[in-house]
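Structural overview
What follows is the residue order along each chain.
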Amino acid sequence: MTNTSPRIAARTWIVMIALALTGQIAWAVENSWFNTFVYDMLTPDPRPVAWMTAASAITATLTTLLMGTLSDRTRSRWGRRRPYILIGYILWGISTVLFPTVAYIKVSSLAVIMVVVMDSIMTFFGSTANDAAFNAWTADVASSDTRGRVEGVLNLSVFLAQIVAMVAAGMLIDSLGYFTFFYLLGAIVTVTGLIAGSLLRDAQAPTEKPARSFGSEFAELFNLDTLRENRQLFILLLFIMISSIGMQVSFPYMIVYLENYVGVTKSEFSIIGGAVMVGSALLAVPFGILADKWNKRLMIAIAIIMSSLGGILLSLVRSLPLLAITGLLWQAFAVAGSIASVAWLKDLLPEQNRGKFLGIRMIFWIAIPMVLGPWIGSTLIRNYGIPTTLNGQAGFIPVPIIFQVGSLIALLSLIPLAFLNKQKA
């Protein structure tokens, strides 16, 4: 199968859905419940969450840059992307199983260091398998005619994963505890990676060996000529960066805020989160399809404005129904904008260097937002949060300002969006 084929085989769809769903569940849990694990089991100080998020983001970015470029250059008997996906998913699951063991460390400062290290190790394997190899593989097997459908399936997998992570995770943690929950998650990731990775078929790769060395090809990522030759792509990445910073100001602390400031239990959050994810799927996927047919730039702008409005309203309400409604507005339009912008981004990727440029995307989409956003959130919490003590450790309870500031930052992404050429397909 080549990337010019208009048709994707059923086996490829099955493998794609299995790997996408499992990978997104793992990422959803890391983005939401790893932070609550640190707050509940180690310390209520918001800074370790910011450190863990930043270290994970930097690891994910460097891994995707290196391994994405390496997979572009791979010409092995086992395939181009397949070895990274198969081995990466297996080790991703194993490292997830080991993650909660840091709670056994009694010295709090050492436990904080180790939780950052363990999260980074897990992120390395996850980014190798999913961010670098799997995302490049989905671009390889899709043509311009099928890319919208592929993105729709991938983003539907995100919604389904979020529903599973939100609904099942909170209830499982409440009933079984963090340890059993992480053991189950790691086992699912490993088994799925082993089976689906074994069944995966690579798209046909170039047979000739790369003309340049790995070092020179990697250094090209930071060449100004690369920026000039892909101006529209980098403007789109700038938009993604600013909007993502806005989201990351509050998102890492969202469950901690709802549980400790509003008074929502993990099980109640699971119900709210599940409802929000179902509603988001019903709204965001059709929105992304419409963006393909209409003006992408205008549709993305509408999504950012509506999402920011939802974030501000979320900070003002306390009842479960209103939290669900405002959370839906906040998340549904954020994801809708993401669907349209990622589909647009993949259309702009240079064909023979998709893995490498997906690595560049990580700088703007993950590294910078997940370093700056949580740092801004942590600073706001330490300055305006409610002082508290948990397990003998001093810290702060997050307050509504993190949602308000994050929403205002997200609105700034409309500035680079205005400089993008109009796109309808």
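Everything here concerns the structure above.
The following refers to the structure shown. If you're wondering where the values come from, they're calculated on a predicted model, not measured in any experiment.

1. Points about the overall build of the protein
- What the protein contains, in helices and strands, is 16 helices and two strands.
- Classification of the 425 residues of the protein by burial places 58% in the buried group.
- The long-range share in the protein, meaning contacts at least 24 apart out of those at least 6 apart in sequence, stands at 85%.

2. Here we look at the pattern of salt bridges
- In the structure shown here, the tally under the stated rule is five salt bridges.
- The residue arginine 81 makes a salt bridge to aspartate 140 at a minimum N-O spacing of 2.8 Å. Of this pair, arginine 81 sits in the loop between helix H2 (47-73) and helix H3 (82-98) while aspartate 140 sits in helix H4 (residues 108-141), and the two are 59 residues apart along the sequence.
- Where lysine 266 meets glutamate 259, a salt bridge forms, and the shortest distance between an N and an O atom there is 2.8 Å.

3. Overview of the packing of H3 against H4
- Their axes nearest at 8 Å, the elements H3 and H4 cross at an angle of 155 degrees. In terms of their interaxial angle, H3 and H4 are classed as roughly antiparallel. Where H3 crosses over H4, the handedness of that crossing is left-handed. On H4, the residues touching Tyr84, Ile85, Gly88, Tyr89, Leu91, Trp92, Ser95, Thr96 and Leu98 of H3 are Met118, Ile121, Met122, Phe125, Gly126, Thr128, Ala129, Asn130, Ala133, Phe134 and Trp137.

4. Here's the deal with the pairing of strand E1 (residues 386-390)
- Relative to strand E2 (residues 393-397), E1 is paired through five bridges, and the arrangement is antiparallel. Bridging across to E2, threonine 388 finds its partner in glycine 395.
- Counted along the chain from E1 to the antiparallel partner E2, the turn is two residues long, and its residue asparagine 391 has a positive phi close to 55 degrees.

5. Some remarks on a nonpolar patch on the surface
- On the surface, a nonpolar cluster with roughly 400 Å² of combined accessible area is contributed by Val107, Leu110, Ile113, Val117 and Ile121.
- Secondary-structure assignment places valine 107 in the loop between H3 and H4.

6. Considerations on the packing of aromatic side chains
- Under the defined criterion, the tally for this structure stands at 19 aromatic pairs.
- Between tyrosine 257 and tyrosine 261, the aromatic rings sit 5.2 Å apart at their centres with planes inclined by 15 degrees, giving stacked as the arrangement. With tyrosine 257 and tyrosine 261 both in helix H10 (residues 254-262), this residue pair falls four residues apart, about one helical turn.
- One aromatic cluster is present, formed by Phe34, Phe37, Phe99, Tyr178, Phe181 and Phe182 through successive ring pairs.

7. Some details on the packing of helix H1 (residues 10-42) against H10
- Two numbers describe how H1 lies on H10: the axes approach to 8 Å, and their chain directions differ by 50 degrees. Comparing their axes, H10 and H1 come out oblique. Where H1 abuts H10, its residues Ser32, Trp33, Thr36, Tyr39 and Asp40 lie against Ile255, Val256, Glu259 and Asn260.
- Partitioned by chemical class, the residues of the contact of H1 with H10 number four nonpolar, three polar and two charged.

8. Examining the side chain of threonine 326
- Relative to the assigned elements, threonine 326 resides in helix H13 (residues 320-348).
- A relative accessible area of 8% means that threonine 326 is categorised as buried.
- A polar atom in the side chain of threonine 326 sits 3.4 Å from the backbone oxygen of leucine 323.
- In this structure threonine 326 touches Gly310, Leu313, Leu314 and Val317, once residues within four positions along its chain are discounted.

The rules behind the values
- Residues numbered from 1 in each chain as written.
- Predicted model: local features only at pLDDT ≥ 70, side-chain atom pairs only at ≥ 80, totals over all residues.
- Heavy atoms only, no water.
- Helix = DSSP H or I, 4+ residues; strand = E, 2+ residues; numbered from the N terminus.
- Buried < 20%, exposed > 50% of the residue type's maximum accessible area, 1.4 Å probe, protein only.
- Contact = heavy atoms within 4.5 Å.
- Salt bridge = Lys/Arg side-chain N within 4 Å of Asp/Glu carboxyl O.
- Axes fitted to C-alpha atoms, helices over the stretch in contact; angles between N-to-C directions.
- Parallel < 35°, antiparallel > 145°, perpendicular 65-115°, else oblique.
- Left-handed = near helix turned anticlockwise from the far one by under 90°.
- Pairing = 2+ DSSP bridges.
- Patch = residues over 30% accessible without salt bridge, like charges linked within 9 Å, V, L, I, M, F, W, Y side chains within 5 Å.
- Areas by Shrake-Rupley, 256 points an atom, 1.4 Å probe, with all protein chains shown as cover.
- Phe/Tyr/Trp six-rings, centres within 6.5 Å; stacked < 30°, edge-to-face > 60°.
- Nonpolar A, V, L, I, M, F, W, Y, C, P; charged D, E, K, R; others polar.
- Polar contact = N/O pair within 3.5 Å; in protein donor to acceptor, adjacent residues only side chain to side chain.

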